[in-house]
Amino acid sequence: MIKKEILLINNLEKFINSKILYSKPVVEKLIAHARKEIKQLSNQNIVPGLAVVLIGDNPASKIYVRNKHKFFLTNHCHSETFTFDLNISQDELLSFIEDLNQNNKFHGILVQLPLPNHIDSQVVINSINPSKDVDGFHSENLGKLFLGHPRFIPCTPYGIVELLDYYDIETTGKHAVIVGRSNIVGKPMVSLLSQSFKKGNATVTVCHSKTNPLRKYTLQADILIAATGVPNLITSDMINKHVNIIDVGINRVEDDSEKGYHICGDVDFKGCSGKVNSITPVPGGVGPMTIMMLLINTIKAAKNGS
């Protein structure tokens, strides 16, 4: 019995040795400043407004959009969601977005991805007025980011930078390994971490589905950002003890529980916790930061008079 208790204590100590990078205190800090800006805009009769376009009835997208809407209303901003059937034509969608571009009630426009296969996502994103593209995915805005003069930083990478800053995780001179090369996370993170930004000046390696062996690169990371959408891809044998892990993945995995599923990240949290310097949880890590930065980008758009 005593041996079991000692083993339990040792395991607990290992777990505690890894700092858990919760988003809650970061959001609390950022929202305090955001509310001051919202109040200042209100005094000028300006209410930051967001239009969200949702195609179809994807359960995950609907939950995500609902959370965004609730967060905006809670913070005295305007939010409307416009829902369309999966069979909407690309021309119809483009026409609707043009109407939103002309609508002064909305300072930000967000088209929830993914879109149906018959619609070209980039054509749709590029139809948004760049000054209202609060997701930061318009080609012009991505170009500005890569030139080092961003108008809007994509929300998830922006949130990751704020997490790194809040927890004082050094990036200058460090080796950042990004697993995933999407336009939403991977590519913008390369630009943010490699350039001379607040949390930049890192040496960046990008890994993807063709990287072989992946473990060779993840073992070298001072900062590891996992953004693949593959549950528990990163395991404890792929990391070193001084790494700081940012887990972007939010994966719904079926199981035999009462709910029938559980949520996990791209990193095996249970296996890696205790072996690393720090790690974000899933949920409670990167997800809330994404919504927080969407609000900040919309406030910025309102201040700029989009």
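Residues numbered from 1 in each chain as written. Predicted model: local features only at pLDDT ≥ 70, side-chain atom pairs only at ≥ 80, totals over all residues. Heavy atoms only, no water.

### Observations concerning the overall build of the protein
Logical step 1: Looking only at helices and strands, the protein has 11 helices and 11 strands in total.
Logical step 2: For the protein, the C-alpha radius of gyration of 20 Å lies close to 19 Å, the compact-globule estimate for 306 residues.
Logical step 3: Dimensions of the protein along its principal axes, counting C-alpha atoms only, are 70 × 40 × 40 Å.
Logical step 4: Sequence-distant contacts in the protein: of pairs separated by 6 or more residues, those separated by 24 or more amount to 70%.
Logical step 5: The protein carries 32 positive and 28 negative side-chain charges, and their two centres are separated by 7 Å. (Helix = DSSP H or I, 4+ residues; strand = E, 2+ residues; numbered from the N terminus. Rg over C-alpha atoms; globule rule 2.2 N^0.38 Å. Contact = heavy atoms within 4.5 Å. Lys, Arg positive; Asp, Glu negative; His and termini not counted. Charge placed at Lys NZ, Arg CZ, Asp CG, Glu CD.)

### A look at the nonpolar core
For soluble globular proteins, nonpolar side chains are generally found buried alongside one another.
Logical step 1: Grouped together as the largest cluster of nonpolar side chains are 51 residues, with contacts concentrated most on Ile 160, Ile 225 and Met 292.
Logical step 2: Where this core is concerned, the elements lending two or more residues are helix 2 (24-42), strand 2 (49-55), helix 3 (59-74), helix 7 (155-166), strand 5 (175-179), helix 8 (186-194), strand 7 (223-226) and helix 11 (286-303).
Logical step 3: Looking at which element gives the most residues to this core, the answer is helix 11, with 11 residues.
Logical step 4: When neighbours within four sequence positions are excluded, Ile 160 is seen to be in contact with Val 185, Met 189, Ile 225, Ile 246, Val 248 and Val 286.
Logical step 5: Core analysis: the next-biggest nonpolar cluster, separate from the first, contains 17 residues, Leu 224, Ile 234, Val 243 and Val 276 among them. (Core = buried A, V, L, I, M, F, W, Y, C linked by side-chain atoms within 4.5 Å. Buried < 20%, exposed > 50% of the residue type's maximum accessible area, 1.4 Å probe, protein only.)

### Overview of the packing of aromatic side chains
Logical step 1: Enumeration according to the criterion identifies four aromatic pairs in this entry.
Logical step 2: Between Tyr 166 and Tyr 167, the ring centres sit 5.0 Å apart and the planes meet at 80°, which makes this aromatic pair edge-to-face.
Logical step 3: Exposure remark for Tyr 167: the relative accessible area of 14% places this residue in the buried category.
Logical step 4: Ring-pair connections join several aromatic residues into one group, and the members of that group are Phe 82, Phe 84, Phe 96 and Phe 106.
Logical step 5: Above the ring of Tyr 261, the side-chain terminus of Lys 259 is found at 5.0 Å from the ring centroid. (Phe/Tyr/Trp six-rings, centres within 6.5 Å; stacked < 30°, edge-to-face > 60°. Lys NZ or Arg CZ within 6 Å of the ring centre and 35° of its normal.)

### A look at helix 4 (residues 90-102)
Logical step 1: Here helix 4 is 13 residues long and its end C-alpha atoms lie 19 Å apart, about the 18 Å a rise of 1.5 Å per residue gives.
Logical step 2: All of the buried residues along helix 4 are Leu 93, Phe 96, Ile 97, Leu 100 and Asn 101. The arc that holds the buried residues of helix 4, viewed along the axis, is 150°, so those residues lie on one side. Within helix 4, the exposed residues directed more than 90 degrees away from the buried face are Asp 91, Glu 92, Asp 99 and Gln 102.
Logical step 3: Against the buried residues of helix 4 lie strand 2, strand 3 (78-84), strand 4 (108-111) and helix 5 (121-126). (Expected span 1.5 Å × (residues − 1). Arc of directions from axis to C-beta.)

### Comments concerning the pattern of salt bridges
Logical step 1: Applying the stated criterion across every chain, the model contains six salt bridges.
Logical step 2: A salt bridge links Arg 215 to Asp 237, with the nearest nitrogen and oxygen atoms 3.9 Å apart. Of this pair, Arg 215 sits in helix 9 (residues 214-218) while Asp 237 is found in the loop between strand 7 and strand 8 (244-247), placing the two residues 22 residues apart along the sequence.
Logical step 3: Arg 215 sits in the partly exposed class, given a relative accessible area of 41%.
Logical step 4: Salt bridges here are not isolated pairs; linked through shared partners, they connect Glu 162, Asp 165 and Lys 198. (Salt bridge = Lys/Arg side-chain N within 4 Å of Asp/Glu carboxyl O.)

### Here's the deal with the layout of surface pockets
Logical step 1: Taken as a whole, the second largest pocket encloses approximately 370 Å³ of empty space.
Logical step 2: Along the wall of the second largest pocket there are 21 residues; nearest its centre are Ile 153, Tyr 158, Glu 162, Met 293 and Ile 296.
Logical step 3: Elements supplying a minimum of two residues to the lining of the second largest pocket: helix 2, helix 7 and helix 11.
Logical step 4: Looking at the lining of the second largest pocket element by element, the count peaks at six residues for helix 11.
Logical step 5: When its residues are assigned to classes, the lining of the second largest pocket shows 12 nonpolar, two polar and seven charged. (1 Å grid on protein atoms, 1.4 Å probe; cavity = no way out; pocket = protein on both sides within 12 Å on 5 of 7 lines; lining within 4 Å. Points joined across faces, edges and corners; volume = space filled by probe spheres on them. Nonpolar A, V, L, I, M, F, W, Y, C, P; charged D, E, K, R; others polar.)

### As for the packing of helix 7 against helix 11
For any two helices packed against each other, the geometry is given by the interaxial angle and the distance between the axes.
Logical step 1: In contact at an axis separation of 8 Å, helix 7 and helix 11 are set at 110° when each is read in the N-to-C sense. Overall, the two elements helix 7 and helix 11 adopt an arrangement that is roughly perpendicular. Counted together, Cys 155, Thr 156, Tyr 158, Gly 159, Ile 160, Glu 162 and Leu 163 of helix 7 and Val 286, Met 289, Thr 290, Met 293, Leu 294, Ile 296 and Asn 297 of helix 11 form the full contact between these two elements.
Logical step 2: In terms of residue class, the contact of helix 7 with helix 11 is made up of nine nonpolar, four polar and one charged. (Axes fitted to C-alpha atoms, helices over the stretch in contact; angles between N-to-C directions. Parallel < 35°, antiparallel > 145°, perpendicular 65-115°, else oblique.)

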